[in-house]
Amino acid sequence: MCSLRACAPPKSAWWPTSVITTAMSTVIGAERTRVWRALTEAAEVVRWDEHILELVEPAAEYPRVGRKVRWRYQLGAIPVVLHECPLEVIPDARLRSSVALGLFRFDETFQLATEPGDGSRTRLSLKLVASNSIPVVGGVLDRFAVRRIASEFIDAKLRALQK
């Protein structure tokens, strides 16, 4: 099995001391096992996430800690590769991954909990922890731009999962 270090470059290479944490949650009208399946089965992910086109590098037993996967991803009009490496997997409860999408590198955590009083609904939370700046050609995206990008990313994922 890969170590956690195998999932990403050493923190000193790209992980700054200043980070932005952005989190949101929503309630989904499905049981936790169904929501977990939507997050962890490649065919399901492609079905609900309009940006993910396909799993490029299929990984047996996805998600498995340390097992890297690559997805073809549509970023606006630009096709890119999204690299994901699960760091923590607790079935039906938590999926934390190291993700690289171009120059945007972040830690992504999905947390699932049964909605109190209604076992047929799931509270799904998504948290992103990212650098507070992203280098781009000719400059840097500042913390306000990073927060906006992270918020839009989270919002789009949670909305898509509700469908």
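Residues numbered from 1 in each chain as written. Predicted model: local features only at pLDDT ≥ 70, side-chain atom pairs only at ≥ 80, totals over all residues. Heavy atoms only, no water.

Undergrad: How do you make sense of the overall build of the protein when you look at a structure like this?
TA: For the protein, the helix and strand inventory stands at 4 helices and 9 strands. Listed N to C, the secondary structure of the protein is α-β-α-α-β-β-β-β-β-β-β-β-α in terms of helices and strands. Counting over 163 residues, the protein shows a buried share of 38%. By sequence separation, contacts in the protein at least 24 residues apart represent 49% of the contacts at least 6 residues apart. (Helix = DSSP H or I, 4+ residues; strand = E, 2+ residues; numbered from the N terminus. Buried < 20%, exposed > 50% of the residue type's maximum accessible area, 1.4 Å probe, protein only. Contact = heavy atoms within 4.5 Å.)

Undergrad: Looking at this model, I keep getting lost on the pairing of strand β6 (residues 104-115). Mind explaining?
TA: Where a strand is regular, its side chains alternate between the two sheet faces. Summarising the sheet, strand β5 (residues 94-101) and β6 pair through 8 bridges and their orientation is antiparallel. The partner of Leu95 across the bridge, within β6, is Phe110. The turn linking β5 back onto β6 is made up of 2 residues, and Gly102 within it adopts a positive phi angle of 65°. As paired elements, β6 and strand β7 (residues 118-131) share 10 bridges and run antiparallel to each other. Across the sheet, residue Phe110 finds its bridge partner in β7, namely Leu126. In this structure, the hairpin formed by β6 and β7 is closed by a connection of 2 residues, where Gly117 is found at a positive phi of approximately 80°. (Pairing = 2+ DSSP bridges.)

Undergrad: I would appreciate a short explanation of unusual backbone geometry in the present structure.
TA: Residues other than glycine predominantly adopt negative phi, and peptide bonds predominantly adopt the trans conformation. Here the bond from Tyr62 into Pro63 is cis, since omega is -5°, no more than 30 degrees from zero. Among the secondary structure elements, Pro63 is positioned in the loop between β2 (52-55) and β3 (69-75). You will see that Asp92, though not glycine, has its phi angle at about 65°, which is positive. Within the secondary structure, Asp92 is located in the loop between β4 (78-90) and β5.

Undergrad: When you look at the packing of aromatic side chains in this model, what are you seeing that I'm missing?
TA: The geometry of an aromatic ring pair is captured by two quantities: the separation of the ring centres and the angle between the planes. Counted by the stated rule, this structure contains 3 aromatic pairs. Each ring, one from Tyr62 and one from Trp71, has its centre 6.0 Å from the other, and the planes form 80°; the classification is edge-to-face. Under the relative-accessibility criterion, Tyr62 is labelled buried at 14%. With a relative accessible area of 1%, Trp71 lands in the buried category. The interplanar angle of 40° and the centroid separation of 4.8 Å between the aromatic rings of Phe104 and Phe106 together place this pair among those described as tilted. One aromatic cluster in this structure is built from Phe104, Phe106 and Phe153. (Phe/Tyr/Trp six-rings, centres within 6.5 Å; stacked < 30°, edge-to-face > 60°.)

Undergrad: Just checking my understanding: could you explain the pairing of β3 for this structure?
TA: Pairing geometry for β2 and β3, over 3 bridges, is antiparallel. From the neighbouring strand, Glu54 faces β3, where its bridge partner is Arg72. For β3 and β4, the ladder comprises 7 bridges, and the chain directions are antiparallel. The residue bridging Tyr73 from the neighbouring strand is Val80, located in β4. Hairpin connection of β3 to β4: 2 residues between the antiparallel strands, including Gly76 at a positive phi of 65°.

Undergrad: I keep staring at the nonpolar core and nothing clicks. Help me out?
TA: A general tendency of soluble globular proteins is for nonpolar side chains to be buried together. Judged by nonpolar contacts, the single largest core of 36 residues is most densely connected at Leu39, Trp71, Phe104, Leu124, Leu128 and Leu161. Per-element accounting of this core gives the leading share, 7 residues, to helix α4 (residues 143-162). (Core = buried A, V, L, I, M, F, W, Y, C linked by side-chain atoms within 4.5 Å.)

Undergrad: Would you take a moment to explain the layout of surface pockets for this structure?
TA: A probe as big as a water molecule, rolled over the atoms, marks out the empty space that is left. Taken as a whole, the largest pocket encloses approximately 530 Å³ of empty space. Lining the largest pocket are 25 residues, and of these His51, Tyr73, Leu75, Leu101 and Phe153 lie nearest its centre. Secondary structure elements with two or more residues in the lining of the largest pocket: α3 (42-48), β3, β8 (134-136) and α4. In terms of residue count, α4 provides more of the lining of the largest pocket than any other element does, 7 residues in total. For the lining of the largest pocket, a count of residues per class yields 14 nonpolar, 4 polar and 7 charged. (1 Å grid on protein atoms, 1.4 Å probe; cavity = no way out; pocket = protein on both sides within 12 Å on 5 of 7 lines; lining within 4 Å. Points joined across faces, edges and corners; volume = space filled by probe spheres on them. Nonpolar A, V, L, I, M, F, W, Y, C, P; charged D, E, K, R; others polar.)

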